[in-house]
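Geometric and topological summary
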Amino acid sequence: MNRVLNVVFGWVGLFIYVILFPILFGGIFLNVSWEPVVGPCRETFEIDSCRALVRVLMWMVDLPVTMVIFAGYTLILGMLEKYSGKLSLSCTWLGVGVVSGFVIATFWAPVNAEIFSYYLVTVCTCVFSIMVGVRLSRYLTGGYISDEI
């Protein structure tokens, strides 16, 4: 039962991310000019060669929004685990919940492969932030820290 509950919490985390991202985007998003970085890359190399650089820059400007959302979410999970005697969070099953929710959402609203790969990087960031956040929230709330990651 705990595994199923952890997967559901992973789905809830992804759902909260989808809801809160547009709301927090305007206030936390890093608005930077990419032209000084991408312009020389386009002049020196082909546009396809600069695509990886643009993806890294897009990931970096989205990162504060992602971290704020999942820091709050994992702190709530840590408090829930501490004050609920029967709940035991598993970082692995929470990650399975996020990834499976992403796969279900992808099949529900199909996108092309390029957009899929961009969102896959975001999902990997979300899974990593959940793993780190759960361990950190357990430490902050005095909960049990297992060796499982």
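Residues numbered from 1 in each chain as written. Predicted model: local features only at pLDDT ≥ 70, side-chain atom pairs only at ≥ 80, totals over all residues. Heavy atoms only, no water.

**Side note on helix 2 (residues 35-44)**
Of all the positions in helix 2, only Val-38, Gly-39 and Cys-41 are classed as buried. Here the buried residues of helix 2 occupy an arc of 165° about the axis, which is enough to place them on one side. The exposed set on the far side of helix 2, more than 90 degrees from its buried face, consists of Pro-36, Glu-43 and Thr-44. (Buried < 20%, exposed > 50% of the residue type's maximum accessible area, 1.4 Å probe, protein only. Helix = DSSP H or I, 4+ residues; strand = E, 2+ residues; numbered from the N terminus. Arc of directions from axis to C-beta.)

**What to know about the environment of Tyr-73**
Mapped onto the secondary structure, Tyr-73 falls in helix 3 (residues 47-83). It is 6.9 Å that separates the C-alpha atoms of Tyr-73 and Gly-13, two residues lying 60 residues apart in sequence. The contacts of Tyr-73, once residues within four sequence positions are left out, are Phe-9, Gly-10, Val-12, Gly-13, Ile-16 and Ile-130. There is a polar contact of 2.2 Å between the side chain of Tyr-73 and the backbone oxygen of Phe-9. (Contact = heavy atoms within 4.5 Å. Polar contact = N/O pair within 3.5 Å; in protein donor to acceptor, adjacent residues only side chain to side chain.)

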